[in-house]
Amino acid sequence: MRILGIESSCDETAVAIVENGQTILSNVVVSQIDIFAAYGGVIPEIAARSHLEAILPAVHQAFQKAGLVTDSGQDDWSKIDAIAVTHTPGLLGSLLVGTLTARTLCLLNHKPLYAVHHLKSHIYANWLQASLLPVFPLIALIISGGHTQIVKMSAHQNFEIIGTTRDDAVGECFDKIAKILGLPYPGGPSIAKAAKTGNSSTYSFPHPMPGTLDFSFSGLKTAVLREVQKATGKPISFPSSQLAALLTDQQRADFAASFEQTAVDILIEKIKLALKQNPETQSLIIAGGVSANQRLRHDLQIFIEQQNSKLHNKINLFFPEPRFSGDNGAMVASAAYYEILSNITPSDPYTLNIMPRSEIK
Ligand code: KG4
Ligand code: ZN
């Protein structure tokens, strides 16, 4: 079964064609990073306009790259079984562009429409191109720019949120701390890059909410700001680029490394607790943009190896391929494939609505 997946919930216009939930035939991602680097963050109205310009060419490119074209070079819709789209959660205008495009394409080409939750898609990025598939019951750590959650799945379509952030998401924390340090948008990759030349034990930051599966990242952001003010000897308040300009390159790298290590340690502590509370867990899945972080990948791998040497119930650790960590259409198609296998009813292309906020359920 071939599904065309459309994702436009934030600042990536993405369209992919995926076979049987796993095999990528094409994966087109049009990123707006260059536009928003100039602003230091996403401007929702500009994101929506950019989606509008990019989305139909991206659909066409997905067909071309998959080689699904008619003799006259048109997109060959006869080769597509269904269309899947992110309809929640995300930026209102951005979601509208993807959803209205999917609704229209379904009506024009007589295809069933599947409306997918963005965080479920991030989880299913772990099924893409996988030689080994995750096994239930599993625990998924979803770490993106807008969300930080621990979700337990006992089967496909069975999601239980067991931990969530009380304030900022971890990706948001990376982005805000990058701004404090004067590092470019998006903050996650630029902090990871700066951290490579830094010493992670230079500064120590708090680990909030110990002993629970809930997270809090806004205190961590304030703690970094206070230390930066202390290190520069200037109590300049934020947002102000004056503060970052006072840091030496070494201080900036040390702050990046110390913060990155703290964030990674916090995530691993929560995973450790989640596994302790759920000893039947077979697979651990890491999902969302922050799952691209190499320090996290490295430290989690070591943690799971240590865990497995003590347990008879071995846990398999899954990370998406880095190209599927961030937003993409392939994960939407994969999530929809497993919804179809579970006999979930398709959405009505005349009425499907978007929801800027909603929980996974
Ligand atoms: O999943 P995603 O692409 O979009 C949302 O659904 O939010 O996640 C974007 C987030 C941003 O906050 C970005 O800074 C973060 O993922 N990110 C990273 C890395 N690459 C992207 N955070 C830490 N390390 C990275 N290498
Ligand atoms: Zn995302």
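Cut-offs and rules
Residues numbered from 1 in each chain as written. Chains lettered and ligands numbered in written order. Predicted model: local features only at pLDDT ≥ 70, side-chain atom pairs only at ≥ 80, totals over all residues. Heavy atoms only, no water. Donors = N, O, S within 2.8 Å, 3.2 Å for Na, K, Ca; no water. Helix = DSSP H or I, 4+ residues; strand = E, 2+ residues; numbered from the N terminus. Buried < 20%, exposed > 50% of the residue type's maximum accessible area, 1.4 Å probe, protein only. Axes fitted to C-alpha atoms, helices over the stretch in contact; angles between N-to-C directions. Parallel < 35°, antiparallel > 145°, perpendicular 65-115°, else oblique. Left-handed = near helix turned anticlockwise from the far one by under 90°. Contact = heavy atoms within 4.5 Å. Nonpolar A, V, L, I, M, F, W, Y, C, P; charged D, E, K, R; others polar. Pairing = 2+ DSSP bridges. Polar contact = N/O pair within 3.5 Å; in protein donor to acceptor, adjacent residues only side chain to side chain. Near = heavy atom within 4 Å. Areas by Shrake-Rupley, 256 points an atom, 1.4 Å probe, with all protein chains shown as cover.

S.K.: Just to check I follow, could you spell out the coordination of the zinc ion (ligand 2) for this structure?
M.R.: Each donor-metal-donor angle in an ideal tetrahedron of four donors is 109.5 degrees, and each such angle in an ideal octahedron of six donors is either 90 or 180 degrees. Note on the zinc ion (ligand 2): its protein donors are His 118 (NE2), His 122 (NE2) and Asp 327 (OD). The metal-donor distances range over 2.0 to 2.1 Å. Written as a sequence motif, the donor arrangement for the zinc ion (ligand 2) is H-x3-H-x204-D. You can see His 118 and its partner His 122 sitting in helix α4 (residues 118-124), four residues apart, about one turn around the helix. Judged by relative accessible area, His 122 falls into the buried class, the value being 1%.

S.K.: For this particular structure, what's the right way to read the packing of helix α6 (residues 187-195) against helix α9 (residues 249-277)?
M.R.: Between two packed helices, both the angle of their axes relative to each other and the distance between the axes serve to describe the pair. At their nearest, the axes of α6 and α9 sit 7 Å apart, and the two run at 115° to each other. With respect to α9, the axis of α6 lies roughly perpendicular. Between α6 and α9 lies a crossing whose hand is left-handed. Where α6 abuts α9, its residues Ile 191, Ala 192, Ala 194 and Ala 195 lie against Ala 253, Ala 256, Ala 257, Phe 259 and Glu 260. Grouping the constituent residues of the contact of α6 with α9 by class yields eight nonpolar, no polar and one charged.

S.K.: Sorry, what's going on with the sheet that holds strand β1 (residues 2-7) here?
M.R.: Strands in a sheet are paired, the pairing made by backbone hydrogen bonds, and the direction either parallel or antiparallel. Here five strands make up an open sheet; going across it, the order is β3-β2-β1-β4-β5 and the pairing mixed. Edge positions in the open sheet fall to β3 (23-31) and β5 (113-117), since each of these has one partner strand only. Averaged over neighbouring strand pairs, the angle between their axes works out to 20° when direction is ignored. The sheet contact formed by β1 and strand β2 (residues 12-19) spans six bridges and is antiparallel. Bridged to Gly 5 within β2 is Ala 16.

S.K.: Got a minute to help me understand the environment of Ser 31 in this structure?
M.R.: Among the secondary structure elements, Ser 31 is positioned in strand β3. Of the residues examined, Ser 31 reaches a relative accessible area of 38% and is grouped as partly exposed. Among all residues touching Ser 31, those that are not within four sequence positions of it are Asp 11 and Glu 12. For Ser 31, the side chain forms a polar contact with the main-chain nitrogen of Ile 33, separated by 3.1 Å.

S.K.: Just to check I follow, could you spell out the site of ligand 1 for this structure?
M.R.: By nearness alone, 18 residues border ligand 1, and His 122, Gly 145, Asp 175, Gly 188 and Gly 289 come closest of all. Between ligand 1 and Asp 175 there is a distance of 2.7 Å, counted from an oxygen atom to a side-chain nitrogen or oxygen. Between ligand 1 and Asp 327 there is a distance of 3.3 Å, counted from an oxygen atom to a side-chain nitrogen or oxygen. In the complex, 85% of the free accessible area of ligand 1, which totals 550 Å², lies under the protein chains. The residue makeup of the shell around ligand 1, split by class, is four nonpolar, twelve polar and two charged.

None of the figures reported here should be taken as evidence of function without further support.
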